[in-house]
Amino acid sequence: MWTDDITKALKKLDGFGSLNQINTEIQKIRGDNLSPDWKAVVRRTIQQHSSDTASWNEKKDLYFSVNGIGKGVWGLRNYFPKMDSTPFIENTEISNEPTKRVDYVFKRIIRDTYITSQLKKFHDNCCQICNIKIEISKGKFYSEGHHIKPLGAPHNGPDVSANILVLCPNCHILCDYKSIRIDLSKLNSKNRFILQEFVDYHNSLVL
């Protein structure tokens, strides 16, 4: 089925991809067993299985438009954890002083640490901005994951690979404080799909 192959293609692309990227992966899956109009079939199948479009068949809602209809970038719905999951977690801090005990209730965004850990492996813990690789002990390296569009309110960025950079601590702090702009063309991205939309959002906050 086309939906099976499109889903496989998007998983190969880490959940997001342009139509051209999706078509490239489908060619790898199907080989030469493709009709002359197969690309149109792929586009139509995606649209028929996305509630974002007027062509949705109201059955399986498998895909979503990443940048809006007409931009040609599609994501696999529910492939990554939903970011509206923010349960209350209770924590009690007990001081050594007998007269002082404070109870805290706070909200914490649940992050998918698996995605970040896989990206660190993919980039071999090398900073995507400055290319520095920090060795903290023999054969052990350190890097940090940075969400280009921050997760918390009011930004509400998604916890997906297209929104995550692998950085050294220095570049991470500079990005957190919006002290530097991000240039997608200069990133050490290894052809990994990073959304320009998130980069533009970050750069709009740089003073």
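### A few points about the sheet that holds strand 3 (residues 73-76)
- Strands sit in the order 1-3-2 across an open sheet of 3 strands; the sheet is antiparallel. Each end of this open sheet is capped by a strand with a single partner; those strands are strand 1 (16-18) and strand 2 (63-65). The average undirected angle you get between the axes of adjacent strands in this sheet is 30°.
- Taken strand by strand, helix 1 (residues 2-12) contacts strand 1, strand 2 and strand 3, and its axis lies near 95° from that of strand 3.
- Each of strand 1 and strand 3 touches helix 2 (residues 19-30); the most contacted strand, strand 1, lies at about 100° to it.

### Some points on the nonpolar core
- One finds Ile148, Ala162, Leu165, Leu167, Ile182, Ile194 and Leu195 to be the most contacted residues of the largest nonpolar core, which totals 18 residues.
- When contributions to this core are tallied by element, the ones reaching two or more residues are strand 9 (164-167), helix 5 (169-176) and helix 6 (196-205).
- Counting residues in hydrophobic clusters, the runner-up holds 13 residues, among them Ile26, Ile46, Tyr63 and Leu76.

### Describing the packing of helix 1 against helix 3 (residues 38-48)
- Axis separation between helix 1 and helix 3 bottoms out at 10 Å; the angle between their running directions is 85°. In this view, helix 1 runs roughly perpendicular relative to helix 3, as classed from their interaxial angle. Counted together, Trp2, Thr3 and Ile6 of helix 1 and Trp38, Val41, Val42, Thr45 and Ile46 of helix 3 form the full contact between these two elements.
- Across the contact of helix 1 with helix 3, the residue classes break down as 6 nonpolar, 2 polar and no charged.

### So, the confidence of the model for the chain
- Looking at the chain, pLDDT values average 82 and 82% of them are 70 or higher.
- Confidence drops under a pLDDT of 50 for residues 106-110, and excluding neighbours within four residues, the segment shows 18 contacts in the predicted structure.

### Quick look at helix 5
- For helix 5, every residue scored as buried is listed here: Cys171, His172 and Cys175. Projected down its long axis, helix 5 carries its buried residues within an arc of 105°, all on one side.
- In this fold, the buried residues of helix 5 make contact with strand 8 (144-147), strand 9 and helix 6.
- Just beyond helix 5, the residue with positive phi is lysine 178, at close to 55°.

### Considering the pairing of strand 9
- Neither face of strand 9 is left uncovered, since the one carrying Ile164 and Val166 and the one carrying Leu165 and Leu167 both have all their residues buried.
- Direction of pairing for strand 8 relative to strand 9: antiparallel, over a ladder of 4 bridges. When the sheet's bridge partners are listed, histidine 146 is paired in strand 9 with leucine 165.

What counts and how
- In every chain, residue numbers begin from 1 and rise along the written sequence.
- Since the coordinates come from a predicted model, pLDDT governs what is reported: local features require at least 70, and pairs of side-chain atoms require 80 or more to be given and counted, while whole-chain, interface and lining totals use all residues.
- No hydrogens and no water enter the side-chain calculation; it runs on all heavy atoms of the structure.
- At least two DSSP bridges between two strands are needed for those strands to be called paired.
- Strands are runs of DSSP state E lasting at least 2 residues, helices are runs of H or I lasting at least 4, and numbering of each runs from the N terminus.
- Throughout, an axis means a line fitted to C-alpha atoms (over the contacting stretch in the case of helices), and angles, computed between N-to-C directions, take values from 0 to 180 degrees.
- Whether two residues are in contact is decided by their heavy atoms: any pair within 4.5 Å suffices.
- For the purposes of this section, nonpolar cores are sets of buried Ala, Val, Leu, Ile, Met, Phe, Trp, Tyr and Cys residues that join through side-chain atoms within 4.5 Å.
- The cut-offs for exposure are 20% and 50% of the maximum accessible area for each residue type, with area from a 1.4 Å probe on protein chains only; residues under the lower value are buried, those over the upper are exposed, and the others partly exposed.
- To sort the angles, those under 35 degrees are grouped as roughly parallel, those over 145 as roughly antiparallel, those from 65 to 115 as roughly perpendicular, and the leftovers as oblique.
- Asp, Glu, Lys and Arg are counted as charged, while Ala, Val, Leu, Ile, Met, Phe, Trp, Tyr, Cys and Pro are counted as nonpolar; the rest, among them Gly, fall into the polar class.
- Every residue carries a pLDDT, the predictor's confidence in it, which falls somewhere between 0 and 100.
- This arc is taken over the directions from the axis of the helix to the C-beta atoms.

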